[in-house]
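In case you want the letters, here they are:
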Amino acid sequence: MKKINILLTMIMLLAFMACDDDDYVAPNSFSDVAWYSPAYARQGAEYMPIIGQRAYFSIADISQGAIEHKWELLNPEIYFLKGDLVRNDTMLVEKISGGGEVGDISTDGTVHLYFPEGGIQGVRLYNTFEEEVFFRGKDSTISSVYDEKLGLHVFDHTFFVDVYHDVVADYNVYTENGELIDFTAADTIKIQMSSGGKLHFAQNVDSIYNITDVTWNFPSGTPASSSEDSLSVIFYNTGIVKNISLNANRSGNNIPSSSDKVIIPLEIEVVPSTEPLVLVGNPIEQENQTIEIQISGKLKEFTGQEGSFEVTVNNDVLATPIQIAVTNAKRSDHESGAFISLELADEIYNSDEITIAYTGTGIKSLDGRTVEPFTETVIMHNVALTDHEGIYGFETTVLYPSRGDNNGNGWNLAWNHTSNNSTGTASIVQDFKFSGESALKLTADDTEGKPGNANSKMTWIEPPLGMGQVVGKVYKLSMQYLYPTSNVSPDAVLWWTQGPWGANGQFTATPSDEWKYYEKIFTLTNVGGDGFIIRFDNGSGDESEEAILYVDDFKMFEYEERP
């Protein structure tokens, strides 16, 4: 009972206090500008919303204390919507309540904007306030501006919406001579070409459709399909080719999906070629020791032609060249169908010099031509340790000061150079090169150096670690070098080692304005942390004679010795 009396007393006291008008303080009015829009749409530059064509986007003005408020359309392709809306609403046209003209106005706090057309489009928020207001965004602050005529602070801001167009499969087709085919000239463009002719197909990457991937289909073409933006297609099969198609697609996180497929209105009549059917380039040994031979046209399947090939092998370890029989000759599985594959009776080695002669008449193209006889040398398969042309061809123009700065991206001054306080220099230059755009330049002289340490008068460099050598294997090292006649020193020496201090070699360069070739075959005896090192000095020159050497096309690969 005592607890109930206390509670009633407190309630009466609170009621009395609430009725005391003299002590009541009304809240102050205030002005503020703010808005809300769906976070999922905030993508792209400057947080510009991205939506798809025929979609809607909502913005709510949640400002406080506005004297006047309105939304104004800045493009004619925007409409105001009313009614109940849902995501992926398919009844938007029926819910249009206004808009469609530049300058159309809505005074609603929240507007739902419908965009039937693509492109970047804008809507303006115009509010006036008794006092200055600010909107503080992620990267900037937007302030109101005082209008003396109105005597009010005006907040005037434009929202842009990036409306992605529906994807249209947009393409160009070019003849083999680079001439653009005009598809407006007829409903279907008809062209004639010889077997082995080609056309170039290109997606219009400068289109407005923000396409992320494409798929081409080429009936009877080589290739038969592709996902490349741009490619050349060869047509070997005689007859009529049509129904070439392009499927363009747009997909990804936070962007509207869309796709389109088009049948290109092109009809190609492929007729037999009048050109001779000949060898293209050199035969090439594959990793499995088969030999691939490219021919200038797509071949029919064939059998029984092994005797039409003569394979001659020469090697320094052979007293006389030997013949190796062909055990299987067939059309290669290569997609183009324009390759012959040969399997041999005996093992071959990349130290061999192999010549293939074809003298038969039984291999024909799909359009009925006969392969012409040929004799050509084989390009042997090499397991290259230096196939990065940018690094080992010295096309990567940076030479790093130390291994720690390298990160496997190029050559650097070796630890020996730093520890010996070496005075020579190394750089990548463009004025002298054997191939490509640049080469390695090495300088050395005896004019300076650390007293008592001849190593300090040299230049030491190394390629990236991890070339992949295996102890016990045989390797072939080669490079091109130039020691110009402008050198003062009568010669210079380049020495190398596969470290630490394992297999090594050197050559002495004498003045010449012609590039020279150096090679060395060696067995790897150890692979240490020092990797591969090159050292350069000015040879027999005295301490006042500088030596400059240029090096290019550094190569190392596994070397197969014939037993």
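Since we're looking at a predicted model, the values are computed, not measured. One numbering rule holds for all chains: residues counted from 1, following each sequence as written. This being a predicted model, a pLDDT of at least 70 is required before a residue's local features are given, and a value of 80 or more before pairs of side-chain atoms are given or counted; all residues contribute to the totals for chains, interfaces and linings. The basis for the side-chain values is all heavy atoms of the structure; hydrogens and waters are excluded.

Chemist: Just to check I follow, could you spell out the overall build of the protein for this structure?
Modeler: What the protein contains, in helices and strands, is 4 helices and 42 strands. Burial classes: relative accessible area under 20% of the type maximum marks a residue as buried, over 50% as exposed, and values in between as partly exposed (1.4 Å probe, protein chains only). Among the 563 residues that make up the protein, the fraction classed as buried is 44%. Taking as baseline every contact in the protein between residues at least 6 positions apart, the subset at least 24 positions apart corresponds to 71%. Using a 1.4 Å probe, the Shrake-Rupley method yields the accessible areas, and only the shown protein chains count as cover for residues. As presented, the protein carries roughly 29,500 Å² of accessible surface, and 49% of it is formed by carbon and sulfur atoms. Runs of E in the DSSP output that reach at least two residues are strands. Runs of H or I that reach at least four are helices, and both are numbered from the N terminus. Two residues form a contact once any of their heavy atoms are found within 4.5 Å.

Chemist: In this structure, what is going on with the packing of aromatic side chains? I would like to understand it.
Modeler: Aromatic ring pairs are described here by two measures, namely the spacing of the ring centres and the angle between the planes. Planes of paired rings set the category: under 30 degrees apart is stacked, over 60 is edge-to-face and the rest tilted, where pairs are Phe, Tyr or Trp rings (Trp by its six-membered ring) whose centres lie within 6.5 Å. Evaluated as defined, the whole model comprises 23 aromatic pairs. Centroid distance Phe432 to Tyr550: 4.5 Å. Interplanar angle 35 degrees. Geometry classified as tilted. A residue pair is termed long-range when its members are at least 10 positions apart, and Phe432 in the loop between strand 34 (425–429) and strand 35 (439–444) and Tyr550 in strand 42 (residues 547–558) qualify at 118 residues. Owing to a relative accessible area of 31%, Phe432 belongs among the partly exposed residues under this scheme. For Tyr550, a relative accessible area of 5% translates into the label buried. Joined through ring pairs, the aromatic side chains of Tyr392, Phe394, Trp411, Tyr475, Trp496, Phe522, Phe532 and Phe554 make up one cluster. By definition here, charges over rings are those cases where NZ of Lys or CZ of Arg is within 6 Å of the ring centre and within 35 degrees of the ring normal. Lying across the ring of Tyr126, Lys70 places its NZ or CZ 4.9 Å from the centre. The lysine or arginine in question, Arg535, covers the ring of Trp495, its NZ or CZ lying 4.4 Å from the ring centre.

Chemist: In this structure, what is going on with the sheet that holds strand 14 (residues 171–174)? I would like to understand it.
Modeler: Hydrogen bonds between backbone atoms are what pair the strands of a sheet, whose relative direction is either parallel or antiparallel. Note on pairing: DSSP must find at least two bridges between two strands before they are called paired. Strand order in the open sheet formed by 4 strands is 14-16-20-18, and the pairing between neighbours is antiparallel. Each edge of the open sheet carries a strand with a single partner, namely strand 14 and strand 18 (221–222). Sheet analysis places strand 14 next to strand 16 (residues 197–203), joined by 4 bridges and oriented antiparallel. Across the sheet, the residue bridging to Tyr171 is Gln203, located in strand 16.

Chemist: I keep staring at the confidence of the model for the protein and nothing clicks. Help me out?
Modeler: Detailed reading of the predicted coordinates is not advisable wherever pLDDT is low. How sure the predictor is of each residue is captured by pLDDT, a score from 0 to 100. Chain-level statistics for the protein give a pLDDT mean of 87 and a share of 90% at 70 or above. Predicted confidence for residues 40–45 stays below pLDDT 50, and this span has 14 contacts to residues more than four positions away or in other chains. Contacts for the low-pLDDT stretch residues 447–453, under 50 throughout, to residues beyond four places or in other chains number 12 contacts.

Chemist: Looking at this model, I keep getting lost on unusual backbone geometry. Mind explaining?
Modeler: The omega angle of the peptide bond from Thr222 to Pro223 is 5 degrees, so this bond is cis rather than trans. You can see Pro223 is positioned in the loop between strand 18 and strand 19 (225–226). The residue Asn210 is not glycine, and still its phi comes out positive at about 50 degrees. Its place among the elements puts Asn210 in the loop between strand 16 and strand 17 (213–217). Of note in this structure, Ser220 is not a glycine but carries a positive phi near 65 degrees. One can find Ser220 in the loop between strand 17 and strand 18. Residue classification places Ser220 among the partly exposed positions, given a relative accessible area of 41%.

Chemist: Looking at this structure, I do not really get the side chain of Gln480. What am I missing?
Modeler: Relative to the elements of secondary structure, Gln480 occurs in strand 37 (residues 474–482). Overall, Gln480 belongs to the buried group, its relative accessible area being 12%.

Chemist: Hey, could you run me through the environment of Asp513 in this one?
Modeler: Here Asp513 shows up in the loop between strand 39 (504–509) and strand 40 (516–523). The spacing of Asp513 and Ser486 is 27 residues in sequence and 8.7 Å in space, taken between C-alpha atoms. Here Asp513 is in contact with Leu482, Pro484 and Thr485, once residues within four sequence places are set aside. Here Thr485 takes part through its side chain, which lies 2.8 Å from a polar atom of the side chain of Asp513. Within 3.5 Å is the distance limit for a polar contact, defined as a pair of N or O atoms, with the added protein rule that one can donate a hydrogen and the other accept it, and that residues adjacent in sequence qualify only through two side-chain atoms.

Chemist: Where do I start with the sheet that holds strand 34 in this structure?
Modeler: Here 5 strands make up an open sheet; going across it, the order is 34-35-42-37-40 and the pairing antiparallel. Lying at the two open borders of the sheet, with one neighbouring strand each, are strand 34 and strand 40. Pairwise comparison of adjacent strand axes, ignoring direction, gives a mean angle of 30 degrees for this sheet. Note that strand 35 and strand 42 share 5 bridges and pair antiparallel. Residue Leu440 lies in a different strand from strand 42, and its bridge partner there is Val551. Lines fitted to C-alpha atoms define the axes here, with helix axes fitted over just the stretch in contact, and angles between the N-to-C directions of these axes take values from 0 to 180 degrees.

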